[in-house]
Amino acid sequence: MKKRVIPNDVIIVMVVMVVIATVAVVRMRQKPKGDVNPYKYDIEQYKKVDMALIGYCEVAEIKIDAELYGLAVDDDQIYVTGDKLLLLFDKNGAETKRIELDGAAKCVTVDADKKIYLGMADHVEVYSADGNCIDRWKTINKKSIITSIAVSESSLFVADAGTRQVYRFDKDGSLRSSFGEKDEQAGVPGFVIPSPYFDLLIDRTDQSLWVVNPGHRQIENYDEDGRFKKAWGASSIKLLGFSGCCNPSHLAMMPDGSFVTSEKGLVRVKVYNHDGEFVNVVVPPNSFDEHTVGVDLAVDSTGRIFVLDSSRSVVRVFEKK
Amino acid sequence: MMSDKKKKLTRRDMLRLGLSAGAVVGLGATVVSKSATKTVWQIDPDKCVQCGKCATDCVLELSAVKCVHAYAVCGYCELCGGYHRPDATKTDTAAESQLCPTSALERTFIEDPYYQYSVKEELCIGCAKCVKGCDAFGNGSLFLQVRHDRCVNCNECSIARVCPSDAFKRVPIEEPYLLKGKA
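Nothing here was measured: the structure is a model prediction, and the numbers come from that model.

Calculation criteria
- Numbering of residues starts from 1 in each chain and follows the order in which that chain's sequence is written.
- The lettering of chains begins at A and the numbering of ligands begins at 1, in the order of writing.
- At least 70 in pLDDT is required for a residue's local features to be given in this predicted model, at least 80 for side-chain atom pairs to be given and counted, and no such filter applies to totals for whole chains, interfaces and linings, which use all residues.
- Only hydrogens and water are removed before side-chain values are computed, so all heavy atoms of the structure are retained for them.
- The disulfide criterion is simple: two cysteine sulfur atoms within 2.5 Å.
- Nonpolar core, defined: a set of buried Ala, Val, Leu, Ile, Met, Phe, Trp, Tyr and Cys residues in which side-chain atoms within 4.5 Å join the residues together.
- When a residue's accessible area, from a 1.4 Å probe over protein chains only, is under 20% of the maximum for its type it is buried; when over 50% it is exposed; and in between it is partly exposed.
- The helix count covers DSSP runs of H or I at least four residues long, the strand count covers runs of E at least two residues long, and both are numbered beginning at the N terminus.
- Whether two residues are in contact is decided by their heavy atoms, any of which lying within 4.5 Å being enough.
- Should DSSP find at least two bridges between two strands, the strands are taken to pair.
- Helix axes are fitted to C-alpha atoms over the stretch in contact, other axes to C-alpha atoms as well, and angles between N-to-C directions run from 0 to 180 degrees.
- Counting of polar contacts relies on pairs of N or O atoms within 3.5 Å, with two restrictions inside protein: one atom must be capable of donating a hydrogen and the other of accepting it, and residues adjacent in sequence are counted only when both atoms are side-chain atoms.

Just to check I follow, could you spell out the state of the cysteines for this structure?
Disulfides are covalent bonds that link the sulfur atoms of two cysteine residues. Summed over the entire model, instances satisfying the criterion amount to 1 disulfide over all chains. There is a disulfide in this structure between Cys245(A) and Cys246(A), and the S-S distance comes to 2.3 Å. The thiol of Cys151(B) is not disulfide-bonded; the next cysteine sulfur, from Cys154(B), is found 6.5 Å away.

Would you mind showing me how to read the nonpolar core here?
Across soluble globular proteins, you tend to see nonpolar side chains buried next to one another. Residue and element names in this part refer to chain B. Counting 28 residues, the largest nonpolar core has Ile43, Val65, Leu144 and Phe168 as its most contacted members. Of all elements in the fold, only β1 (39–43), β2 (65–69), β4 (114–119), α3 (129–137) and β5 (142–146) reach the threshold of two or more residues within this core. Dropping the residues within four chain positions of it, Phe168 is found in contact with Trp41, Gln42, Ile43, Cys54, Val65, Val146, Cys157, Ile159, Ala160 and Cys163.

For this particular structure, what's the right way to read unusual backbone geometry?
Cis geometry marks the peptide bond from Asn247(A) to Pro248(A), where omega comes out at -5°. In this fold, Pro248(A) is placed in the loop between β17 (228–232) and β18 (250–253). In this model, Asp112(B) is joined to Pro113(B) through a cis peptide bond whose omega is 0°. Secondary-structure assignment places Pro113(B) in the loop between β3 (105–111) and β4. The residue Gln207(A) is not glycine, and still its phi comes out positive at about 65°.

Explain α3(B) to me, please; I cannot follow it from the model alone.
Because each turn of an α-helix spans 3.6 residues, side chains separated by three or four positions in sequence point in the same direction. Residue and element names in this part refer to chain B. Along α3, 8 of the 9 residues are buried, which leaves the element largely enclosed by surrounding structure. Looking at α3, one finds that the buried residues are Lys129, Cys130, Val131, Lys132, Gly133, Cys134, Ala136 and Phe137. Where α3 is buried, its residues touch β2, β3 and β5.

Even after reading the chapter, I still don't get the sheet that holds β17(A), so can you show me in this structure?
In a beta sheet, neighbouring strands pair by backbone hydrogen bonds and run either parallel or antiparallel. All names here are of chain A. Spatially, 4 strands are ordered β14-β15-β16-β17 in an open sheet, and the strand pairing comes out antiparallel. In the strand order of this sheet, the two ends are held by β14 (200–202) and β17, each with one partner. Within the sheet, the average angular offset between the axes of one strand and its neighbour, ignoring direction, is 20°.

Looking at this model, I keep getting lost on the side chain of Asp111(A). Mind explaining?
Residues and elements named next belong to chain A. Here Asp111 lies in the loop between β6 (107–110) and β7 (116–119). Given a relative accessible area of 8%, Asp111 falls into the buried group. For Asp111, the side chain forms a polar contact with the side chain of Tyr117, separated by 3.1 Å. Once you skip the residues sitting within four places of it in the chain, Asp111 turns out to touch Tyr117, Val151 and Lys171.

Okay, structure coming up:
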(Lines give C-alpha, C1' and ligand atoms only; values in the text may rest on other atoms or scores of the structure.)
Protein backbone atom coordinates (compact mmCIF):
# COMPACT_ATOMS: atom_id res chain seq x y z
CA MET A 1 0.00 0.00 0.00
CA LYS A 2 1.30 3.38 -0.95
CA LYS A 3 1.98 5.70 1.99
CA ARG A 4 0.45 9.18 1.64
CA VAL A 5 2.90 11.96 2.37
CA ILE A 6 1.70 15.38 3.51
CA PRO A 7 3.71 18.05 1.78
CA ASN A 8 5.91 20.26 3.96
CA ASP A 9 4.13 23.42 2.77
CA VAL A 10 0.81 22.15 4.09
CA ILE A 11 2.37 21.25 7.44
CA ILE A 12 3.89 24.72 7.73
CA VAL A 13 0.55 26.39 6.89
CA MET A 14 -1.25 24.21 9.46
CA VAL A 15 1.30 25.02 12.17
CA VAL A 16 1.03 28.74 11.44
CA MET A 17 -2.78 28.55 11.58
CA VAL A 18 -2.68 26.69 14.91
CA VAL A 19 -0.29 29.30 16.34
CA ILE A 20 -2.49 32.19 15.12
CA ALA A 21 -5.63 30.53 16.54
CA THR A 22 -3.92 29.91 19.91
CA VAL A 23 -2.70 33.50 20.17
CA ALA A 24 -6.17 34.80 19.19
CA VAL A 25 -7.91 32.66 21.81
CA VAL A 26 -5.43 33.68 24.53
CA ARG A 27 -5.78 37.36 23.66
CA MET A 28 -9.59 37.14 23.60
CA ARG A 29 -9.62 35.52 27.01
CA GLN A 30 -7.34 38.16 28.50
CA LYS A 31 -9.18 40.84 30.48
CA PRO A 32 -8.29 44.39 29.56
CA LYS A 33 -5.69 45.73 31.98
CA GLY A 34 -3.55 48.80 32.23
CA ASP A 35 -4.12 52.47 32.84
CA VAL A 36 -7.10 52.80 30.52
CA ASN A 37 -10.09 51.05 32.04
CA PRO A 38 -12.74 50.43 29.37
CA TYR A 39 -15.43 50.24 32.05
CA LYS A 40 -14.63 53.54 33.75
CA TYR A 41 -17.75 55.71 33.67
CA ASP A 42 -16.75 59.35 33.44
CA ILE A 43 -19.50 61.68 34.58
CA GLU A 44 -17.14 64.64 35.08
CA GLN A 45 -17.72 65.62 31.45
CA TYR A 46 -21.32 66.50 32.29
CA LYS A 47 -20.19 68.90 35.03
CA LYS A 48 -18.44 71.23 32.61
CA VAL A 49 -20.24 74.51 31.97
CA ASP A 50 -19.24 77.23 29.53
CA MET A 51 -18.21 80.20 31.68
CA ALA A 52 -20.10 82.51 29.33
CA LEU A 53 -23.34 80.85 30.46
CA ILE A 54 -22.76 81.63 34.15
CA GLY A 55 -24.72 84.80 34.82
CA TYR A 56 -24.19 85.16 38.56
CA CYS A 57 -21.33 85.55 41.02
CA GLU A 58 -21.13 84.59 44.66
CA VAL A 59 -21.08 87.69 46.87
CA ALA A 60 -21.48 86.34 50.40
CA GLU A 61 -22.00 83.26 52.49
CA ILE A 62 -23.52 82.66 55.90
CA LYS A 63 -21.86 79.85 57.81
CA ILE A 64 -24.16 77.95 60.14
CA ASP A 65 -23.06 75.31 62.61
CA ALA A 66 -26.01 72.94 62.08
CA GLU A 67 -27.48 70.40 59.71
CA LEU A 68 -29.55 72.54 57.34
CA TYR A 69 -32.83 71.74 55.58
CA GLY A 70 -34.99 74.72 54.56
CA LEU A 71 -34.59 78.33 53.49
CA ALA A 72 -36.83 81.38 53.00
CA VAL A 73 -36.25 85.13 52.71
CA ASP A 74 -38.40 88.23 52.93
CA ASP A 75 -37.52 91.91 52.75
CA ASP A 76 -35.81 91.99 56.15
CA GLN A 77 -34.68 88.56 57.12
CA ILE A 78 -33.31 85.17 56.11
CA TYR A 79 -35.01 82.13 57.66
CA VAL A 80 -33.12 78.84 57.88
CA THR A 81 -34.31 75.58 59.38
CA GLY A 82 -31.96 72.97 60.72
CA ASP A 83 -32.17 69.89 62.87
CA LYS A 84 -34.57 71.01 65.67
CA LEU A 85 -33.66 74.63 64.90
CA LEU A 86 -35.12 77.74 63.32
CA LEU A 87 -32.53 80.44 62.73
CA LEU A 88 -33.17 84.05 61.72
CA PHE A 89 -30.52 86.27 60.13
CA ASP A 90 -30.55 89.89 59.07
CA LYS A 91 -29.72 90.83 55.49
CA ASN A 92 -26.04 91.11 56.38
CA GLY A 93 -25.96 87.54 57.60
CA ALA A 94 -25.86 88.28 61.34
CA GLU A 95 -27.87 85.83 63.44
CA THR A 96 -30.77 87.62 65.14
CA LYS A 97 -32.72 84.73 66.64
CA ARG A 98 -32.26 81.02 67.40
CA ILE A 99 -35.43 79.05 68.16
CA GLU A 100 -35.31 75.47 69.44
CA LEU A 101 -37.87 73.14 67.86
CA ASP A 102 -39.22 69.76 68.92
CA GLY A 103 -38.39 68.17 65.59
CA ALA A 104 -36.79 68.78 62.22
CA ALA A 105 -38.43 71.41 60.03
CA LYS A 106 -37.69 70.42 56.44
CA CYS A 107 -39.15 73.60 54.92
CA VAL A 108 -40.14 77.13 55.90
CA THR A 109 -42.14 80.05 54.48
CA VAL A 110 -43.18 83.47 55.76
CA ASP A 111 -46.37 85.43 55.04
CA ALA A 112 -46.90 89.19 54.72
CA ASP A 113 -47.76 89.39 58.45
CA LYS A 114 -44.36 87.86 59.32
CA LYS A 115 -45.92 84.61 60.51
CA ILE A 116 -43.44 81.78 60.04
CA TYR A 117 -44.83 78.43 58.80
CA LEU A 118 -42.67 75.35 59.30
CA GLY A 119 -43.16 72.03 57.51
CA MET A 120 -42.40 69.40 60.13
CA ALA A 121 -42.44 65.71 59.16
CA ASP A 122 -46.22 65.29 59.02
CA HIS A 123 -47.71 68.60 60.18
CA VAL A 124 -47.33 72.38 60.07
CA GLU A 125 -46.25 74.58 62.97
CA VAL A 126 -46.75 78.35 63.04
CA TYR A 127 -44.38 80.76 64.81
CA SER A 128 -44.53 84.49 65.42
CA ALA A 129 -41.73 86.78 64.31
CA ASP A 130 -40.42 86.89 67.89
CA GLY A 131 -40.08 83.12 67.96
CA ASN A 132 -43.15 81.99 69.90
CA CYS A 133 -45.09 78.94 68.74
CA ILE A 134 -48.59 80.16 67.83
CA ASP A 135 -50.16 77.00 66.46
CA ARG A 136 -49.51 73.33 65.79
CA TRP A 137 -51.76 71.92 63.08
CA LYS A 138 -53.09 68.37 62.93
CA THR A 139 -51.06 65.55 61.40
CA ILE A 140 -51.94 65.31 57.72
CA ASN A 141 -51.25 61.61 57.32
CA LYS A 142 -49.09 59.05 59.11
CA LYS A 143 -47.23 58.56 55.83
CA SER A 144 -46.65 62.27 55.26
CA ILE A 145 -43.22 63.64 54.42
CA ILE A 146 -43.70 67.38 54.05
CA THR A 147 -41.05 68.75 51.70
CA SER A 148 -42.30 72.23 50.80
CA ILE A 149 -44.79 74.88 51.88
CA ALA A 150 -45.88 78.11 50.24
CA VAL A 151 -48.27 80.77 51.46
CA SER A 152 -50.59 83.02 49.45
CA GLU A 153 -52.85 85.80 50.72
CA SER A 154 -55.50 83.36 51.94
CA SER A 155 -54.10 79.82 51.76
CA LEU A 156 -51.16 77.68 52.69
CA PHE A 157 -50.10 74.94 50.26
CA VAL A 158 -48.19 71.90 51.44
CA ALA A 159 -46.28 69.46 49.18
CA ASP A 160 -46.28 66.00 50.74
CA ALA A 161 -43.82 63.53 49.18
CA GLY A 162 -45.16 60.72 51.39
CA THR A 163 -48.71 60.79 50.03
CA ARG A 164 -47.65 62.42 46.72
CA GLN A 165 -50.29 65.11 47.08
CA VAL A 166 -50.57 68.86 47.48
CA TYR A 167 -52.78 70.03 50.37
CA ARG A 168 -54.47 73.41 50.58
CA PHE A 169 -55.14 74.81 54.04
CA ASP A 170 -56.79 77.97 55.27
CA LYS A 171 -54.43 80.03 57.35
CA ASP A 172 -56.13 78.82 60.53
CA GLY A 173 -55.10 75.25 59.70
CA SER A 174 -58.40 73.96 58.25
CA LEU A 175 -57.85 71.58 55.37
CA ARG A 176 -59.77 72.82 52.32
CA SER A 177 -58.71 70.46 49.54
CA SER A 178 -55.98 68.27 48.12
CA PHE A 179 -54.96 67.19 44.64
CA GLY A 180 -52.40 65.16 42.78
CA GLU A 181 -53.54 61.65 43.63
CA LYS A 182 -53.38 59.32 40.64
CA ASP A 183 -56.85 58.77 39.19
CA GLU A 184 -56.83 56.78 35.94
CA GLN A 185 -60.58 57.13 35.36
CA ALA A 186 -60.41 60.90 35.65
CA GLY A 187 -57.22 60.99 33.57
CA VAL A 188 -55.09 62.39 36.41
CA PRO A 189 -51.58 60.93 36.06
CA GLY A 190 -50.54 62.00 39.57
CA PHE A 191 -47.27 63.30 40.84
CA VAL A 192 -44.30 60.96 40.39
CA ILE A 193 -42.08 61.35 43.47
CA PRO A 194 -39.24 58.78 43.49
CA SER A 195 -37.36 60.52 46.31
CA PRO A 196 -38.29 63.00 49.06
CA TYR A 197 -37.93 66.12 46.91
CA PHE A 198 -41.23 67.73 45.96
CA ASP A 199 -41.30 71.51 45.79
CA LEU A 200 -43.91 74.17 45.08
CA LEU A 201 -44.26 77.96 45.06
CA ILE A 202 -46.79 80.75 44.61
CA ASP A 203 -46.31 82.70 41.38
CA ARG A 204 -45.24 86.27 42.19
CA THR A 205 -47.02 87.59 39.11
CA ASP A 206 -50.48 85.97 39.26
CA GLN A 207 -50.67 84.08 42.62
CA SER A 208 -51.17 80.73 40.84
CA LEU A 209 -49.42 77.61 42.07
CA TRP A 210 -46.35 75.97 40.50
CA VAL A 211 -45.59 72.40 41.54
CA VAL A 212 -42.57 70.33 40.56
CA ASN A 213 -43.43 66.90 39.15
CA PRO A 214 -39.90 65.51 39.54
CA GLY A 215 -40.48 62.06 38.02
CA HIS A 216 -41.60 63.79 34.81
CA ARG A 217 -38.84 66.45 35.03
CA GLN A 218 -41.58 69.08 34.75
CA ILE A 219 -42.89 72.12 36.56
CA GLU A 220 -46.67 72.25 36.48
CA ASN A 221 -48.99 75.20 36.91
CA TYR A 222 -52.29 74.86 38.82
CA ASP A 223 -54.95 77.24 40.00
CA GLU A 224 -55.58 77.36 43.72
CA ASP A 225 -58.25 74.67 43.44
CA GLY A 226 -55.77 72.28 41.92
CA ARG A 227 -56.91 72.51 38.31
CA PHE A 228 -54.04 71.88 35.90
CA LYS A 229 -53.23 74.82 33.61
CA LYS A 230 -49.89 74.19 31.88
CA ALA A 231 -46.42 72.72 32.35
CA TRP A 232 -42.87 73.16 31.15
CA GLY A 233 -39.61 71.27 31.49
CA ALA A 234 -37.78 68.51 29.67
CA SER A 235 -35.51 65.65 30.54
CA SER A 236 -31.88 66.24 29.52
CA ILE A 237 -28.38 65.96 30.87
CA LYS A 238 -27.68 69.17 28.97
CA LEU A 239 -28.21 72.57 30.56
CA LEU A 240 -31.50 73.14 28.80
CA GLY A 241 -33.27 70.35 30.69
CA PHE A 242 -33.39 68.55 34.03
CA SER A 243 -31.07 65.60 34.58
CA GLY A 244 -31.51 62.24 36.27
CA CYS A 245 -34.54 60.37 37.50
CA CYS A 246 -36.27 63.15 39.36
CA ASN A 247 -35.55 66.82 39.11
CA PRO A 248 -35.61 69.73 39.78
CA SER A 249 -35.36 69.17 43.50
CA HIS A 250 -36.06 72.80 44.44
CA LEU A 251 -37.66 75.84 42.92
CA ALA A 252 -37.80 79.61 43.56
CA MET A 253 -39.08 82.63 41.65
CA MET A 254 -37.37 85.89 40.74
CA PRO A 255 -39.25 89.21 41.14
CA ASP A 256 -39.85 89.29 37.36
CA GLY A 257 -41.41 85.81 37.35
CA SER A 258 -38.34 83.91 36.14
CA PHE A 259 -37.72 80.53 37.75
CA VAL A 260 -34.63 79.46 39.67
CA THR A 261 -34.17 75.68 39.82
CA SER A 262 -31.74 73.37 41.60
CA GLU A 263 -31.07 69.74 40.78
CA LYS A 264 -29.72 66.82 42.74
CA GLY A 265 -27.32 64.25 41.31
CA LEU A 266 -25.77 66.61 38.82
CA VAL A 267 -26.07 69.53 41.24
CA ARG A 268 -26.59 72.80 39.40
CA VAL A 269 -28.64 75.96 39.84
CA LYS A 270 -30.14 77.59 36.74
CA VAL A 271 -32.54 80.33 35.72
CA TYR A 272 -35.43 79.88 33.27
CA ASN A 273 -37.77 82.62 32.09
CA HIS A 274 -41.47 82.51 32.91
CA ASP A 275 -42.15 80.44 29.76
CA GLY A 276 -39.59 77.84 30.81
CA GLU A 277 -36.81 78.81 28.41
CA PHE A 278 -33.28 78.42 29.74
CA VAL A 279 -31.64 81.77 30.56
CA ASN A 280 -28.34 81.08 32.33
CA VAL A 281 -26.52 79.28 35.12
CA VAL A 282 -26.30 80.54 38.69
CA VAL A 283 -24.08 77.83 40.21
CA PRO A 284 -22.33 75.17 38.05
CA PRO A 285 -21.90 71.56 39.27
CA ASN A 286 -18.19 71.96 40.00
CA SER A 287 -19.02 74.61 42.58
CA PHE A 288 -20.64 72.00 44.84
CA ASP A 289 -19.08 69.19 46.87
CA GLU A 290 -19.65 65.65 45.63
CA HIS A 291 -22.90 64.09 46.91
CA THR A 292 -24.48 67.44 47.77
CA VAL A 293 -28.27 67.12 47.93
CA GLY A 294 -31.11 69.25 49.19
CA VAL A 295 -30.09 72.60 47.67
CA ASP A 296 -33.02 74.75 48.76
CA LEU A 297 -33.43 78.16 47.10
CA ALA A 298 -34.88 81.57 47.88
CA VAL A 299 -34.89 84.92 46.09
CA ASP A 300 -35.29 88.33 47.71
CA SER A 301 -37.09 91.34 46.25
CA THR A 302 -33.87 92.68 44.72
CA GLY A 303 -33.21 89.46 42.78
CA ARG A 304 -30.42 88.12 44.99
CA ILE A 305 -30.45 84.31 44.94
CA PHE A 306 -29.91 82.45 48.22
CA VAL A 307 -28.64 78.88 47.89
CA LEU A 308 -28.68 76.54 50.88
CA ASP A 309 -25.60 74.34 50.53
CA SER A 310 -26.35 71.52 52.97
CA SER A 311 -23.03 69.80 52.40
CA ARG A 312 -20.99 72.81 53.54
CA SER A 313 -23.65 74.04 56.03
CA VAL A 314 -23.74 77.50 54.49
CA VAL A 315 -26.22 79.80 52.81
CA ARG A 316 -24.51 81.13 49.66
CA VAL A 317 -25.64 84.44 48.19
CA PHE A 318 -25.44 85.16 44.45
CA GLU A 319 -25.94 88.37 42.50
CA LYS A 320 -26.23 89.02 38.80
CA LYS A 321 -22.87 89.75 37.13
CA MET B 1 34.46 24.23 77.31
CA MET B 2 31.43 22.03 77.36
CA SER B 3 30.32 20.41 80.60
CA ASP B 4 30.84 16.66 80.89
CA LYS B 5 27.37 16.35 82.42
CA LYS B 6 25.77 17.51 79.20
CA LYS B 7 24.49 14.60 77.19
CA LYS B 8 25.29 14.24 73.55
CA LEU B 9 22.23 14.17 71.28
CA THR B 10 21.71 10.77 69.80
CA ARG B 11 20.19 10.16 66.37
CA ARG B 12 16.99 8.94 68.09
CA ASP B 13 16.75 12.22 70.09
CA MET B 14 17.22 14.21 66.92
CA LEU B 15 14.43 12.29 65.23
CA ARG B 16 12.08 12.79 68.24
CA LEU B 17 12.88 16.50 68.36
CA GLY B 18 12.30 16.86 64.65
CA LEU B 19 8.94 15.13 64.84
CA SER B 20 7.85 17.30 67.79
CA ALA B 21 8.92 20.49 65.99
CA GLY B 22 7.11 19.34 62.87
CA ALA B 23 3.96 18.67 64.85
CA VAL B 24 4.10 22.12 66.47
CA VAL B 25 4.68 23.83 63.11
CA GLY B 26 1.88 21.79 61.51
CA LEU B 27 -0.59 22.63 64.29
CA GLY B 28 0.32 26.29 64.09
CA ALA B 29 -0.19 26.32 60.34
CA THR B 30 -3.59 24.66 60.76
CA VAL B 31 -4.68 27.25 63.34
CA VAL B 32 -3.49 30.12 61.13
CA SER B 33 -5.19 28.58 58.11
CA LYS B 34 -8.45 28.03 60.02
CA SER B 35 -8.52 31.60 61.28
CA ALA B 36 -7.80 32.85 57.76
CA THR B 37 -10.80 31.01 56.32
CA LYS B 38 -13.07 32.55 58.97
CA THR B 39 -13.07 35.77 56.99
CA VAL B 40 -13.97 36.50 53.41
CA TRP B 41 -13.42 39.43 51.07
CA GLN B 42 -16.18 42.02 50.74
CA ILE B 43 -16.69 45.53 49.35
CA ASP B 44 -17.68 48.36 51.64
CA PRO B 45 -20.33 50.11 49.48
CA ASP B 46 -19.80 53.37 51.34
CA LYS B 47 -16.16 53.43 50.24
CA CYS B 48 -16.57 52.09 46.70
CA VAL B 49 -15.87 54.74 44.02
CA GLN B 50 -17.10 52.63 41.08
CA CYS B 51 -13.73 52.70 39.29
CA GLY B 52 -14.52 49.68 37.12
CA LYS B 53 -11.50 47.61 38.26
CA CYS B 54 -13.67 44.87 39.78
CA ALA B 55 -14.48 43.89 36.18
CA THR B 56 -10.88 43.76 35.01
CA ASP B 57 -8.80 42.55 37.95
CA CYS B 58 -10.56 39.50 39.42
CA VAL B 59 -8.62 36.23 38.91
CA LEU B 60 -11.80 34.62 37.64
CA GLU B 61 -12.78 34.75 33.99
CA LEU B 62 -16.07 36.43 34.96
CA SER B 63 -15.57 38.59 38.04
CA ALA B 64 -16.95 37.38 41.38
CA VAL B 65 -18.08 40.94 42.00
CA LYS B 66 -21.69 41.57 41.02
CA CYS B 67 -24.14 44.41 41.23
CA VAL B 68 -26.88 43.95 43.82
CA HIS B 69 -30.02 45.99 44.33
CA ALA B 70 -31.50 47.49 47.49
CA TYR B 71 -35.09 47.52 46.27
CA ALA B 72 -36.33 49.48 49.28
CA VAL B 73 -34.14 52.44 48.27
CA CYS B 74 -35.08 52.34 44.56
CA GLY B 75 -37.47 54.92 43.12
CA TYR B 76 -38.69 52.50 40.40
CA CYS B 77 -38.18 55.36 37.95
CA GLU B 78 -39.05 55.29 34.27
CA LEU B 79 -35.81 57.14 33.56
CA CYS B 80 -33.21 55.28 35.60
CA GLY B 81 -29.69 56.66 36.03
CA GLY B 82 -28.39 53.13 36.52
CA TYR B 83 -30.15 51.67 33.49
CA HIS B 84 -30.14 54.49 30.94
CA ARG B 85 -27.19 56.31 29.42
CA PRO B 86 -27.22 59.92 30.63
CA ASP B 87 -27.58 61.18 27.08
CA ALA B 88 -30.28 58.67 26.10
CA THR B 89 -33.01 60.37 24.15
CA LYS B 90 -35.62 57.73 24.96
CA THR B 91 -36.49 55.97 28.19
CA ASP B 92 -36.88 52.64 26.41
CA THR B 93 -35.03 49.32 26.57
CA ALA B 94 -33.11 49.71 23.31
CA ALA B 95 -29.46 48.68 23.55
CA GLU B 96 -28.28 52.15 22.58
CA SER B 97 -30.21 53.61 25.52
CA GLN B 98 -28.70 51.21 28.04
CA LEU B 99 -25.67 52.00 30.17
CA CYS B 100 -24.76 48.39 31.01
CA PRO B 101 -22.26 46.97 28.49
CA THR B 102 -23.74 43.48 28.83
CA SER B 103 -27.44 44.29 29.35
CA ALA B 104 -27.25 42.66 32.76
CA LEU B 105 -29.75 45.09 34.26
CA GLU B 106 -33.28 44.01 33.41
CA ARG B 107 -36.31 46.26 33.66
CA THR B 108 -39.87 45.10 34.18
CA PHE B 109 -42.99 47.23 33.95
CA ILE B 110 -44.86 47.45 37.26
CA GLU B 111 -47.50 50.16 36.74
CA ASP B 112 -47.44 53.46 34.87
CA PRO B 113 -44.87 55.03 35.23
CA TYR B 114 -42.96 52.65 37.54
CA TYR B 115 -40.44 49.95 36.58
CA GLN B 116 -38.54 47.36 38.59
CA TYR B 117 -34.84 46.83 37.89
CA SER B 118 -33.12 43.53 38.63
CA VAL B 119 -29.63 42.19 38.00
CA LYS B 120 -28.99 39.13 35.82
CA GLU B 121 -25.92 37.86 37.65
CA GLU B 122 -24.81 35.54 34.88
CA LEU B 123 -24.32 38.58 32.65
CA CYS B 124 -23.03 41.07 35.24
CA ILE B 125 -19.27 41.68 35.01
CA GLY B 126 -19.10 43.96 38.06
CA CYS B 127 -18.05 47.04 36.09
CA ALA B 128 -20.11 49.35 38.35
CA LYS B 129 -21.32 51.59 35.55
CA CYS B 130 -24.90 51.16 36.73
CA VAL B 131 -23.83 51.76 40.34
CA LYS B 132 -22.18 55.05 39.42
CA GLY B 133 -25.14 56.12 37.29
CA CYS B 134 -27.62 55.27 40.03
CA ASP B 135 -25.48 57.10 42.59
CA ALA B 136 -25.09 60.19 40.43
CA PHE B 137 -28.55 60.49 38.91
CA GLY B 138 -30.84 58.36 41.07
CA ASN B 139 -31.43 57.17 44.61
CA GLY B 140 -28.23 55.10 44.86
CA SER B 141 -29.96 51.76 45.31
CA LEU B 142 -27.44 49.73 43.25
CA PHE B 143 -24.09 48.68 44.74
CA LEU B 144 -21.34 46.08 44.28
CA GLN B 145 -20.78 42.99 46.41
CA VAL B 146 -18.40 40.02 46.21
CA ARG B 147 -20.61 36.97 45.63
CA HIS B 148 -19.32 34.14 47.76
CA ASP B 149 -20.76 31.40 45.58
CA ARG B 150 -18.20 32.54 42.98
CA CYS B 151 -15.31 34.10 44.92
CA VAL B 152 -12.36 31.76 45.52
CA ASN B 153 -11.27 33.85 48.53
CA CYS B 154 -7.64 34.35 47.52
CA ASN B 155 -5.23 35.19 50.33
CA GLU B 156 -4.33 38.34 48.48
CA CYS B 157 -7.34 39.49 46.49
CA SER B 158 -6.17 40.81 43.14
CA ILE B 159 -8.96 43.41 43.06
CA ALA B 160 -8.22 44.58 46.61
CA ARG B 161 -4.63 45.16 45.51
CA VAL B 162 -5.70 47.71 42.88
CA CYS B 163 -8.80 49.15 44.60
CA PRO B 164 -8.19 52.93 44.73
CA SER B 165 -10.43 53.56 47.73
CA ASP B 166 -9.58 50.62 50.03
CA ALA B 167 -13.17 49.49 49.74
CA PHE B 168 -12.14 45.82 49.87
CA LYS B 169 -11.88 44.36 53.34
CA ARG B 170 -12.11 41.03 55.10
CA VAL B 171 -15.35 40.42 56.96
CA PRO B 172 -16.46 37.55 59.22
CA ILE B 173 -17.76 34.57 57.27
CA GLU B 174 -20.91 34.65 59.43
CA GLU B 175 -21.77 38.10 58.00
CA PRO B 176 -20.32 37.95 54.52
CA TYR B 177 -22.29 40.82 52.93
CA LEU B 178 -22.21 44.57 53.63
CA LEU B 179 -25.53 46.17 52.82
CA LYS B 180 -25.56 49.71 51.58
CA GLY B 181 -25.88 52.27 54.34
CA LYS B 182 -25.17 49.65 57.00
CA ALA B 183 -21.53 48.92 56.24
